[in-house]
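Inside the fold
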Amino acid sequence: MESPVPHEPPIYRRIADRLRQAILAGDLRDGDRLPGENALMSEHGIARATARQALAVLINEGLAVPKRGSGVYVRRFRPIRRHGSRRLSREQWGAGRAIWDSDTSGRPYTVDDLTITREPAADEAARVLDCEEVWVRRRRYSVDGRPVQLAASHFPALLVADTPIVVPDTGPGGVYARLRDLGHAPAHFTEEVRARMPTPEESEKLGLPAGTPVIVVCRAAYAAGGTAVELNKMIMDAASYVLQYDFDA
């Protein structure tokens, strides 16, 4: 008896497979424009709906992103490996190194959209930090030229007023080194992690394709004795991160 002939995938799948292979092989790089619907129709003799299906496969896989009125572009980004304990270790910020140096391993990163304001503490910040007013450092981080994270660090206003924590350049080791200088070095951290869909403002600031979720990390830093000295809320592009946590058995 002859073996059955394997079922051939539909043509839109075969086109998507070919484009995917080109992306993974590096023939099509991050930011390159993919062949448009008209080009795929002409090359493969297919209907517009079929060409649209082929591109939709790559968009749904997170390998491509549509830009209104422009086309579909490759979105190939090496994820940032965020090591939860290593990045926050005293050996990192205590030696004057930035936390982000641990995350990026030499990849270029920038901080922009920085604002520093004194304001009434919102409910969660008031509860965690046990204060009525806070200084808030809001910023956006980009890696390899791509926005990947929004962060808002809250500090008790009376604790950090008139310190480097409320100016743009906090100095070597960042805010945790400056808290140490104030006699309130972080001794313990807690993080809560969840996923959700972004708000329109978050999507715009992070340049997120439609349908891309975000990871929300809420971290509290505590000095020895249990006093909370920071509450940091981070919004991360879920497609740009791998979160790593190590545990002893």
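Throughout what follows, the structure given in this document is the object of discussion. Just so we're clear, the structure is a prediction, and the values are computed from it rather than from any experiment.

Rules used in this analysis
Residues numbered from 1 in each chain as written. Predicted model: local features only at pLDDT ≥ 70, side-chain atom pairs only at ≥ 80, totals over all residues. Heavy atoms only, no water. Pairing = 2+ DSSP bridges. Helix = DSSP H or I, 4+ residues; strand = E, 2+ residues; numbered from the N terminus. Axes fitted to C-alpha atoms, helices over the stretch in contact; angles between N-to-C directions. Contact = heavy atoms within 4.5 Å. Parallel < 35°, antiparallel > 145°, perpendicular 65-115°, else oblique. Left-handed = near helix turned anticlockwise from the far one by under 90°. Nonpolar A, V, L, I, M, F, W, Y, C, P; charged D, E, K, R; others polar.

**Things to note about the sheet that holds strand β4 (residues 109-120)**
- Within the open sheet, the 6 strands sit side by side as β4-β5-β6-β9-β8-β7. Their pairing is antiparallel. Each of the sheet's edge strands pairs with one partner strand only, and the pair in question is β4 and β7 (186-196). Averaged over neighbouring strand pairs, the angle between their axes works out to 15° when direction is ignored.
- Judged from the 10 bridges that link them, β7 and strand β8 (residues 214-223) form a sheet pairing that is antiparallel. From the neighbouring strand, Arg194 faces β8, where its bridge partner is Val216.
- Across the sheet, helix α8 (residues 174-181) is in contact with β5 (133-143), β6 (146-156), β7, β8 and β9 (228-237); its angle to β7 comes to roughly 150°.

**Description of the packing of helix α1 (residues 11-24) against helix α2 (residues 37-44)**
- At their nearest, the axes of α1 and α2 sit 13 Å apart, and the two run at 110° to each other. It follows that α1 is roughly perpendicular to α2 by the angle criterion. Crossing of α1 over α2 shows right-handed handedness. From α1, Ile11, Ile15 and Arg18 reach across to α2, where they touch Leu40, Glu43 and His44.
- Here the contact of α1 with α2 is built from residues that sort into 3 nonpolar, 1 polar and 2 charged.

**Structural notes on unusual backbone geometry**
- Despite not being glycine, Ser105 shows a phi value in the positive range, around 50°.
- If you trace the backbone, Ser105 turns up in the loop between α5 (99-104) and β4.
- Here the phi dihedral of Asp113 falls at roughly 55°; this positive angle occurs in a residue that is not glycine.
- The topology assignment puts Asp113 in strand β4.

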